[in-house]
Amino acid sequence: MALIDLVVEKIIKIPLESKDKPDVLRELVQKLKNAEEINDVDSALKAVQDREDKQSTGLTDGIAVPHAKTDAVSRLKLAIGIAPEGIDFDSLDKQPAKLIFLLLAPPGMSGPHVEALAEIAKLAQSKSLCKALCSAANAQEVVQLLKGE
Amino acid sequence: MVYIDGTEESITAAQYAICLASFSGAELIAHYVINTRAMDDLLKARIFLQDEQLEYEHDMEADAERYLNYVNELAVAKGVAITKKLSSGNVNKEISDSVKEMQIDLLVIGELSRIRSRRDEFYDESERAMRLVSCSVLIVKDPDRVWEMYESLA
């Protein structure tokens, strides 16, 4: 299961409605629930929040990659949120996060989990792509950009 | 040699490889590579904390043992001998090097992504290995049919 296989319109929230980090995490987990990708919102959310409590996954240049291992999923699950105005994510460079990739993985699938995160890390290095994603008008455009169409 | 990475696709590939080995009498090797290069990238990108990296490294070692043992059980159940190989580093390089060193005739891998992104950032280790290795490569599809074939082995 490659990361690109997870990129579908139903897991993309654009624009994010939430105005702070805890609400964004909940909104993205709820997006996965609405897309019928997960059942247990509370367990998934707790796993992500527990990881964020150790240190924010807000990186630099408006990117955040909240992630966690959780029994709430049986396969890798990805949600993408875009907040053109930016959200305070306690990021490394103190800049607001605009592009948020939330990744959930079940215990026992550490290899695919690590490889998916590494792909996101590579994506985050492409400033032109990240800028285009933040300017996308809708989920369809996000999918097209990520597929390079 | 069949490449195992913890995905359902790679387990299907293992079932197919066991069938092939049973039919042909070929020697079968199951290879799992712990992707330490990806973990290093995540630490550099500051997506991983130091203790998180250690935790995942431990998880990956445990997963590797578990998946290799599972594939071994699948083979033993059908009377096929299998050699387990565990290494770590850059996945496609490890596979390619093993193919050369062990003089592998055929690499069996699971189904690749059906979606082909034109973006270089998306990459699939199996796909890279497929392009890099010097031997022939068999890509296994249709898990239901493969399972039936595996189950029908005496």
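Just so you know, these numbers come straight off a predicted model, no measurement behind them.

Rules used in this analysis
- Residues numbered from 1 in each chain as written.
- Chains lettered and ligands numbered in written order.
- Predicted model: local features only at pLDDT ≥ 70, side-chain atom pairs only at ≥ 80, totals over all residues.
- Helix = DSSP H or I, 4+ residues; strand = E, 2+ residues; numbered from the N terminus.
- Rg over C-alpha atoms; globule rule 2.2 N^0.38 Å.
- Buried ≥ 20, exposed ≤ 12 C-beta atoms within 10 Å, placed from the backbone.
- Contact = placed C-beta atoms within 7 Å.
- Nonpolar A, V, L, I, M, F, W, Y, C, P; charged D, E, K, R; others polar.
- Core = buried A, V, L, I, M, F, W, Y, C linked by C-beta atoms within 7 Å.
- pLDDT = per-residue confidence, 0-100.
- Expected span 1.5 Å × (residues − 1).
- Arc of directions from axis to C-beta.

Student: Lay out the overall build of chain A with the relevant residues and their values.
Tutor: Check the secondary structure of chain A and you find six helices and five strands. Along chain A, helices and strands appear, N-terminal first, in the series α-β-α-α-β-β-β-β-α-α-α. A compact globule built from 149 residues would reach a C-alpha radius of gyration of about 15 Å, and chain A, at 14 Å, matches this within 12%. When its C-alpha atoms are laid out on the principal axes, chain A stretches across 35 × 30 × 25 Å. Burial analysis of chain A (149 residues in total) assigns 50% to the buried set. In chain A, once contacts between residues fewer than 6 apart in sequence are set aside, the share between residues at least 24 apart is 68%.

Student: So what about the interface of chain B and chain A? Which residues, and what values?
Tutor: Contact residues are listed per partner, giving 26 residues for chain B and 29 residues for chain A. Taken together, the elements giving at least two residues each to the side of chain B that touches chain A come down to α2 (36-44) and α3 (50-77) of chain B. For the side of chain B that touches chain A, a count of residues per class yields eleven nonpolar, five polar and ten charged.

Student: I'd like a rundown of the nonpolar core, residues and numbers included.
Tutor: Residues A:Leu103, A:Leu117, A:Ile120 and B:Val2 are the most contacted members of the largest nonpolar core, which totals 94 residues. Every residue in contact with B:Val2, bar those within four places of it in the chain, is listed here: B:Ala13, B:Ala14, B:Ala17, B:Leu28, B:Ala30 and B:Val108.

Student: Now, about the confidence of the model for chain A: what can you tell me, with residues and values included?
Tutor: Per-residue confidence for chain A averages 92 on the pLDDT scale, and 99% of its residues sit at or above 70. Averaged over each element, pLDDT in chain A is lowest for helix α1 (residues 3-6) of chain A (84) and highest for strand β1 (residues 12-13) of chain A (97).

Student: Account for the environment of A:Ala68, naming residues and giving values.
Tutor: Residues and elements named next belong to chain A. Here Ala68 is to be found in strand β3 (residues 67-69). The buried category is assigned to Ala68, around which 22 C-beta atoms lie within 10 Å. Excluding anything up to four places from it in sequence, Ala68 contacts Ala47, Val48, Arg51 and Leu104.

Student: Could you give an account of helix α3 (residues 41-54) of chain A, naming the residues involved and the relevant values?
Tutor: All names here are of chain A. In this model α3 runs 20 Å from its N-terminal to its C-terminal C-alpha over 14 residues, within 8% of the 20 Å that 1.5 Å per residue would give. Among the residues of α3, those classed as buried are Ala44, Leu45, Ala47, Val48 and Glu52. For α3, the angular spread of the buried residues around the axis is 160°, confining them to a single face. Of the residues in α3, the exposed ones pointing more than 90 degrees away from the buried face are Asp42, Asp50, Asp53 and Lys54.

Student: I'd like a description of α2(B), backed by residues and values.
Tutor: Among all positions of α2(B), only B:Arg37, B:Ala38, B:Met39, B:Asp41 and B:Leu42 are buried. On the buried face of α2(B), the contacting elements are α4 (110-124) of chain A together with α3 of chain B.

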